[in-house]
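Here is what each chain is made of, one letter per residue.
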Amino acid sequence: MTRRNFSLGVVLLFAVFAGGANGQEDPAKKPVNFAREVLPILSNKCFVCHGPDADEDNLHLDSFESATQDLGAYKAINPDAPEESQILVRIHDQDNPMPPEEAEKQLTEAERAVLDRWVRQGGTYEKHWAFVPPEKCDLPHGENENPIDQLVREELRPRNVDLAPEADRETLARRVALVLTGLPPDPEQLRAFVADQSDDAYEKYVELMLASPRFGEHQARYWLDAVRYGDTHGLHLDNRRGIYPYRDWVVHALNENLPLDDFIRWQLAGDLLPNPNTQQLVATGFVRMNPTTSEGGVIPAEFQAKNNFDRTENLGTVLLGMTLTCARCHTHKYDPITQTEYYQLLAFFNSTAESPLDGNSYEYGPTLRVPANQAAWSEWLELESRRDQLLRDADVFVRTNAKVSDEDRKKWSEAGTLDRLKLLANSESTLSVLRNHEQAKELLSKVVEAEKQFTTTLVAKELAEPRPTHLLNRGEYDQPKGEPLEPSVLTVMGTLPSGAAKDRMGLANWLVSREHPLVSRVLVNRIWQRTFGLALVRTPEDFGLQGQQPTHPQLLDWLAVELQDSGWDLKHMLRLMVTSNTFRQSSVFRTDIQDPENRLWARGPRFRMDAEVLRDIALWASQLLDPHMGGEGVKPYQPSGMWKALAHPASNTKQYVRDKGELLYRRSLYVYWKRTSPHPMMTLFDAPDRESSCVRRSRTNTSLQSLGLFNEIQRIEMARKFAERLIRGADSTDDRINIAFELLACRKPTESERSVCQNLLQQMADRYKDNDEDAKSLLSIGDAPRDETLDVGELATWTQLTSTLLASDIALILY
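A quick note: this is a predicted structure, and the numbers were derived from the prediction, not measured. (Residues numbered from 1 in each chain as written. Predicted model: local features only at pLDDT ≥ 70, side-chain atom pairs only at ≥ 80, totals over all residues. Heavy atoms only, no water.)

Peer 1: Help me understand the environment of L709, please; the structure alone is not making it clear to me.
Peer 2: As for its placement among the helices and strands, L709 is situated in helix α28 (residues 703-711). Residue class for L709 comes out buried when judged on its relative accessible area of 5%. Look past the residues within four positions of L709 in its chain and what remains in contact with it is M681, F685, R715, A807 and L812. (Helix = DSSP H or I, 4+ residues; strand = E, 2+ residues; numbered from the N terminus. Buried < 20%, exposed > 50% of the residue type's maximum accessible area, 1.4 Å probe, protein only. Contact = heavy atoms within 4.5 Å.)

Following this line, the structure appears as structure tokens:
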């Protein structure tokens, strides 16, 4: 026996006797969960050579059939005589081990023990957990307690610990406002909640946040990251493109709580709905979001393929939580996705009508004329509703009334929406006898006048005849193989229903069907991530075999089914999460449990907020924040020459012309997103470039971030206006410090915090005493006018304090 075999034998023997002596179950006989214990080991340590993409003449371990096939004198797994399985020999063989000694990843002793138990128990296989449709487990306490708390406590109970105590009201008010709206609560909202002694005070406060128009703006950021929204094409010249109405539609849809199944359906295939309205067409901007080019010398057929690669792989990340990129060249090395299936999925996107090259054009058709901002949207939606009702009534009249001429009836049947409205409004038409003729004239006039304020947005449109789709050898556009492929889905996740349309609508309906194993899981996982700071599956981009296991599998599945049961109601899911005791816990680090990554959720969320939120909090505290919603992206301060240094000389985005006035202070959601050069303060705090999908931002901590927080023009300007607010708001130093902390931290300062603030104020007062020029130099930064009624030395002193506060944890951390 080799030394390693001997060591393992001693370990197992000791375990057997120890278990028997204590009357406990023999660990060696404990049933193995293949999907959650064995498959991750095989995927991580074995599939690189023995997975789905292994050579045909090599051993495959990705299925029971291949693992148990007769290899001559032996079987890798022998279900009839498990002890004779070759796997057992090789994983314990010190002289000729598997994995081989030169392999990058080696088995641990614990992993060997799991594989040993699995093989000896028969070596049975199961589907990877993520490919099995979720089901709700039975709750320990039924409906008497929030299901989240019940399932989190189930994992804590064996460790003899419970959830942490609830955070104080002020902390909760700040936490839930930032999670739902991305801004702290207004002081009046905060005080009203703290003073409210009713049993449902917190629930009423949550509803207030969910109803805020700022809710949709904040929640939209996460979706725009995922779908790689940008205001420019993204490649080569990186010119402007007309797409921002899609961003505004996302905000509107989330504020209106559009069910997430429709949210997905409209984006993938709104143009394929019967008589789609403006919103449903604008939503298809999702299909047009891929980076594009029209660089001289590029080959259209190549970019037809590349555009579709991007769409297919984006769908994989955003809705399936799967990495599909490697399957464009070969069968997936780890997950059960064949190369053929990849191209069958791609075929759903291969017949959209736009050219593969964008012409470097803003209006890269197909396009649609739509409202230019949220105010215009509101007006248009009311007009559209009236128009559609009028046309429905008229349609009945046209089909049933003998007074309508055959010529007008023919014109009506062939006319689009606007032309039908014109027919109704035409006094010489036989349709003018319709009682709504005058109403049609008035409505047509208003429609023509809205439309003068419209802008362009990119939309999806299907070709009359679909393009043929072929498997491409090694992903090369000029090496098609075999017969054309029909659009189809990844079979490990199910099949299209019999008779389903093989177009984007059929794909969308399959994705949001109750039988789909992944979409609802993937969505609730990211909803949890933006609520708690970390996801249940900590690799939200990868639910496949290489991804992490969920921290709480039953909780993830319960939430996934609840999303479906609720009618795909996003606000319901967020309400369920933020009203749970799990969310309401204190976020103070616990010493009574070893859980540094908070995988047990035994303390509340605590994380550095995203770049946009950091800027928005400072704009809000300084009373500079412009509440205007929607419209073309704005250009705040940034170092001169950045775009020019990175841009092609022919690009129409090489010159950065910053905005003036209120546009400088619009919410960060609306900052212009040039894909090859996002705003530097966004990049500094880990915002993605949006050239590809991002469903999990990094959170770095660098000295350069501190430099930016204290020196960037807008940060100084916001600190100055914040200081003005404090000086005008109170006369005493203590009262001003109280206001600052109430705004940023939703509480009064501690004595140590107050002392530090007072010391800094004294140092700055000494610095600016009899030094007005130095003070004026600081106060001249930024376009916002200075309140010249205030003493320059005092204002500069308080500006230094507010600048420090805005760069401290109370303005950077959600806790």
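Now that the structure is up, let's keep going.
Peer 1: Would you explain the side chain of R615 in this entry?
Peer 2: As for its position among the elements, R615 is in helix α25 (residues 611-621). Of the side chains with opposite charge, D616 lies nearest to the buried R615, which makes no salt bridge, at 4.1 Å. If sequence neighbours within four positions are ignored, R615 has contacts with P636, L664, Y665, R666, R667, S668, V671, M682, Q714, R715 and M718. (Lys, Arg positive; Asp, Glu negative; His and termini not counted. Salt bridge = Lys/Arg side-chain N within 4 Å of Asp/Glu carboxyl O.)

Peer 1: Help me understand the nonpolar core in this model?
Peer 2: Soluble globular proteins tend to pack their nonpolar side chains together in the buried interior. Ranked by internal contacts, the top residues of the largest apolar core, which has 235 residues, are W118, L180, Y246, W249, L268, L507 and L559. No other element matches the 9 residues that helix α16 (residues 374-400) contributes to this core. (Core = buried A, V, L, I, M, F, W, Y, C linked by side-chain atoms within 4.5 Å.)

Peer 1: Looking at this structure, I do not really get helix α6 (residues 147-156). What am I missing?
Peer 2: Along an α-helix, a turn takes 3.6 residues, which lines up residues three or four apart on a common side. Among the 10 residues in α6, 7 count as buried, and that is most of the element. Looking only at α6, the buried set comprises P147, I148, D149, Q150, L151, V152 and L156. On the buried face of α6, the contacting elements are α21 (519-532), α22 (553-565), α23 (570-578) and α24 (581-584).

Peer 1: Even after reading the chapter, I still don't get the packing of aromatic side chains, so can you show me in this structure?
Peer 2: Two numbers describe a pair of aromatic rings. These are the distance of the centres and the angle of the planes. Taken as a whole, this structure holds 22 aromatic pairs when the rule is applied. Here W118 and Y125 contribute two aromatic rings whose centre-to-centre distance is 5.5 Å and whose plane-to-plane angle is 70 degrees, an arrangement assigned as edge-to-face. Judged by its relative accessible area of 19%, Y125 falls in the buried class. Seen from their ring centres, F532 and W601 are 5.8 Å apart, and the 65 degrees between their planes marks the pair as edge-to-face. Taken together, the residues F532 in helix α21 and W601 in the loop between α24 and β5 (607-608) connect sequence positions 69 residues apart. (Phe/Tyr/Trp six-rings, centres within 6.5 Å; stacked < 30°, edge-to-face > 60°.)

Peer 1: Help me understand the state of the cysteines, please; the structure alone is not making it clear to me.
Peer 2: A covalent bond between the sulfur atoms of two cysteines is referred to as a disulfide. Across all of its chains, the model carries 0 disulfides by this definition. C46 takes part in no disulfide bond, and the closest cysteine sulfur, belonging to C49, lies 9.0 Å away. On the accessibility criterion, C46 (13% relative accessible area) is buried. For C694, which is in no disulfide, the shortest distance to another cysteine sulfur is to C326 and amounts to 20 Å. (Disulfide = S-S within 2.5 Å.)

Peer 1: Mind showing me how you'd approach the packing of helix α11 (residues 244-255) against helix α12 (residues 260-269) here?
Peer 2: When two helices pack together, their arrangement is captured by the angle between the axes and the distance separating the axes. At a closest axis distance of 11 Å, the pairing of α11 and α12 adopts a crossing angle of 160 degrees. With respect to each other, α11 and α12 are oriented roughly antiparallel. Like other packed secondary-structure pairs, α11 and α12 cross with a definite hand, here right-handed. Contacts between α11 and α12 involve Y246, W249, V250, A253 and L254 on the former and, on the latter, F263, W266 and Q267. (Axes fitted to C-alpha atoms, helices over the stretch in contact; angles between N-to-C directions. Parallel < 35°, antiparallel > 145°, perpendicular 65-115°, else oblique. Left-handed = near helix turned anticlockwise from the far one by under 90°.)

Peer 1: Quick question: what am I supposed to make of a negative patch on the surface here?
Peer 2: There is a patch of like negative charges on the surface, built from D770, D772, E773 and D791. Looking at where D770 falls in the secondary structure, it is placed in the loop between α31 (751-768) and α32 (772-779). (Patch = residues over 30% accessible without salt bridge, like charges linked within 9 Å, V, L, I, M, F, W, Y side chains within 5 Å. Areas by Shrake-Rupley, 256 points an atom, 1.4 Å probe, with all protein chains shown as cover. Charge placed at Lys NZ, Arg CZ, Asp CG, Glu CD.)

Peer 1: Help me understand the environment of K204, please; the structure alone is not making it clear to me.
Peer 2: Mapped onto the elements, K204 comes out in helix α9 (residues 201-210). For K204 and A81, which are 123 residues apart along the polypeptide, the C-alpha to C-alpha distance reads 64 Å. Ignoring any residue separated from it by four or fewer positions in sequence, one finds K204 in contact with D196 and S198.

Peer 1: Teacher, can you tell me more about the side chain of N255 here?
Peer 2: Secondary-structure assignment places N255 in helix α11. In this structure N255 comes out as buried when scored by relative accessible area, which is 18%. Residues within four places of N255 in sequence aside, it is in contact with S212, P213, F215, G216, K571 and M629.

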